[in-house]
Amino acid sequence: MADLRAKARAAGKRVSGSQRISGERILDIFHKSPVMVYMTDLEGTFLEINRAGVELLGYGSREEIVGAVSSKTIYAEPAERFRFRDIIFRDGSVREFITKLRRTDGEIRDVAITSTARRDEKGEISGYEGFVVDITDRKRAEAALRESEEKYRNVVENCLAGIFVHQKGILQYVNPRCLEFLGYGKPEEMTGRPFWEFVFPDDREFVKDRGLRREKGYVFPPQYVFRLLKKDGSMVWVDMRAAKVTYMERPAVVGNLYDITAGKKAEEQIRYLSRKLIDIIEEQQKMLAADLHDEFGQALTAIHFGLEALQ
């Protein structure tokens, strides 16, 4: 019996020691966590907060917050606290609650709160506990990215050149100008289709061969002229400049198309007028030669008769 008691006491000491070590580890994790970890009562007064939380809220020490500061005062928008509380009372917890907190120096920080309700012995909610992640830098980066995307989207969509992107020959993007001069109304009418389908049949092999060779790494002049088919079946001349790029993290080709149909027509008209002018000049020369021949012939004949008369 004594042996059993001794073993029980030894086991109890081991359990107690294990619990103490476990508690120390949890406490160490709590204080060293890189994100804010906190505990409040039902009124929002902080009962515990770690060092990361102290720094996030702009205080100098934990003692300045615990028992003295309420979460009511740190929400940049007071209505957000009521929304947070309503979710907690309804669901028992909240995950990734995005809001803004005000530091003691007045600076506003974007945060994501994940929290759960603390309950008393009767099962009633007595407070909250959880952690808060500062996402201010992420929000700023997202805003900067959106601004950059919006800026370049405006440039691309209002560009006077038709712009397209294709991957392995399949169109992924076309801008409004490209739709306009090919006679399409919506991007969906062109995207998802092979680029070669829009090339005039007589030029298709030439353009396709260059495109496939470019994908394999062959170097070609980035600019060349060919014909495209419009939606109504008519033809449009384009001057294209193409380059290899990365689009949606995959290799792609981006091209700029300039409608040069009017210029081509003007060139054809100039060539026609030039040929016409040459024909007219040649005809005039022939007529002049014929006239000169007739006039000299008549003059020589008159001289001949005159000489005969004199003789």
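Rules used in this analysis
- Residues numbered from 1 in each chain as written.
- Predicted model: local features only at pLDDT ≥ 70, side-chain atom pairs only at ≥ 80, totals over all residues.
- Heavy atoms only, no water.
- Helix = DSSP H or I, 4+ residues; strand = E, 2+ residues; numbered from the N terminus.
- Contact = heavy atoms within 4.5 Å.
- Areas by Shrake-Rupley, 256 points an atom, 1.4 Å probe, with all protein chains shown as cover.
- Phe/Tyr/Trp six-rings, centres within 6.5 Å; stacked < 30°, edge-to-face > 60°.
- Buried < 20%, exposed > 50% of the residue type's maximum accessible area, 1.4 Å probe, protein only.
- Pairing = 2+ DSSP bridges.
- Axes fitted to C-alpha atoms, helices over the stretch in contact; angles between N-to-C directions.
- Patch = residues over 30% accessible without salt bridge, like charges linked within 9 Å, V, L, I, M, F, W, Y side chains within 5 Å.
- Salt bridge = Lys/Arg side-chain N within 4 Å of Asp/Glu carboxyl O.
- pLDDT = per-residue confidence, 0-100.
- 1 Å grid on protein atoms, 1.4 Å probe; cavity = no way out; pocket = protein on both sides within 12 Å on 5 of 7 lines; lining within 4 Å.
- Points joined across faces, edges and corners; volume = space filled by probe spheres on them.
- Nonpolar A, V, L, I, M, F, W, Y, C, P; charged D, E, K, R; others polar.

1. Concerning the overall build of the protein chain
Then, number 1: Scanning the protein chain for helices and strands turns up seven helices and ten strands.
Then, number 2: Long-range contacts, defined here as pairs at least 24 residues apart, represent 42% of the contacts in the protein chain between residues at least 6 apart.
Then, number 3: On the protein chain, roughly 20700 Å² of surface is accessible, and the fraction owed to carbon and sulfur atoms is 55%.

2. Some remarks on the packing of aromatic side chains
Then, number 1: Scanning the model with the defined rule gives eight aromatic pairs in all.
Then, number 2: Ring geometry for Y38 against F46: centres 6.2 Å apart, planes inclined by 75°, an arrangement best described as edge-to-face. F46 shares its class with Y38; the two are buried.
Then, number 3: Relative to F97, the ring of F84 has its centre 5.6 Å away and its plane inclined at 65°; by these criteria the two rings are edge-to-face. In this pair, F84 sits in helix α3 (residues 78-91) while F97 sits in strand β3 (residues 93-102), placing the two residues 13 residues apart along the sequence.
Then, number 4: Ring pairs connect the aromatic residues F84, F97 and Y128, which therefore count as one cluster.

3. Re the sheet that holds strand β5 (residues 125-134)
Then, number 1: Judged by pairing direction, the sheet is antiparallel, and its five strands sit side by side in the order β2-β1-β5-β4-β3 without closing on themselves. Lying at the two open borders of the sheet, with one neighbouring strand each, are β2 (46-49) and β3. The mean angle between the axes of side-by-side strands here comes to 25°, regardless of whether they run parallel or antiparallel.
Then, number 2: Of the strands in this sheet, β1 (36-41), β3, β4 (108-119) and β5 are in contact with α3, which crosses β3 at around 170°.

4. Let's talk about the sheet that holds strand β8 (residues 223-229)
Then, number 1: With antiparallel pairing, the five strands of this open sheet are ordered in space as β7-β6-β10-β9-β8. Among the strands making up the open sheet, the edge pair consists of β7 (170-174) and β8. Averaged over all adjacent pairs, the angle separating strand axes in this sheet is 40°, with direction ignored.
Then, number 2: Here strand β6 (residues 162-167) pairs with strand β10 (residues 250-259) via five bridges, running antiparallel. Counterpart to H166 in the pairing with β10 is V253.

5. Concerning a nonpolar patch on the surface
Then, number 1: Taken together, the side chains of I303, L307 and L310 present a nonpolar region at the surface, about 340 Å² in accessible area.
Then, number 2: The topology assignment puts L310 in helix α7 (residues 261-310).

6. Details of the pairing of strand β9 (residues 235-247)
Then, number 1: In this sheet, β9 lies alongside β8 in antiparallel orientation, the contact comprising seven bridges. Paired with V225 across the bridge in β9 is D239.
Then, number 2: Hairpin connection of β8 to β9: five residues between the antiparallel strands, including G233 at a positive phi of 90°.
Then, number 3: Where β9 meets β10, ten bridges bridge the pair, whose relative direction is antiparallel. Residue R241 lies in a different strand from β10, and its bridge partner there is N256.
Then, number 4: Joining the antiparallel neighbours β9 and β10 is a turn of two residues, in which M248 adopts a positive phi near 55°.

7. Focus: the confidence of the model for the protein chain
Then, number 1: Residue-level pLDDT values for the protein chain average 82, and 82% of them are 70 or greater.
Then, number 2: In the predicted structure, residues 11-15 sits below a pLDDT of 50 and forms zero contacts with residues beyond four places in sequence or in another chain.

8. Here's the deal with empty space enclosed by the protein
Then, number 1: The tally for this structure, following the rule as stated, stands at three cavities of 30 Å³ or more.
Then, number 2: Each pocket or cavity is described by its volume, and for the largest cavity that value is around 140 Å³.
Then, number 3: Lining the largest cavity are 14 residues, and of these Y38, S71, I74, Y75 and I113 sit closest to its centre.
Then, number 4: Within the residue set of the lining of the largest cavity, elements represented by two or more residues are β1, α3 and β5.
Then, number 5: Residue composition of the lining of the largest cavity, grouped by class: ten nonpolar, two polar and two charged.

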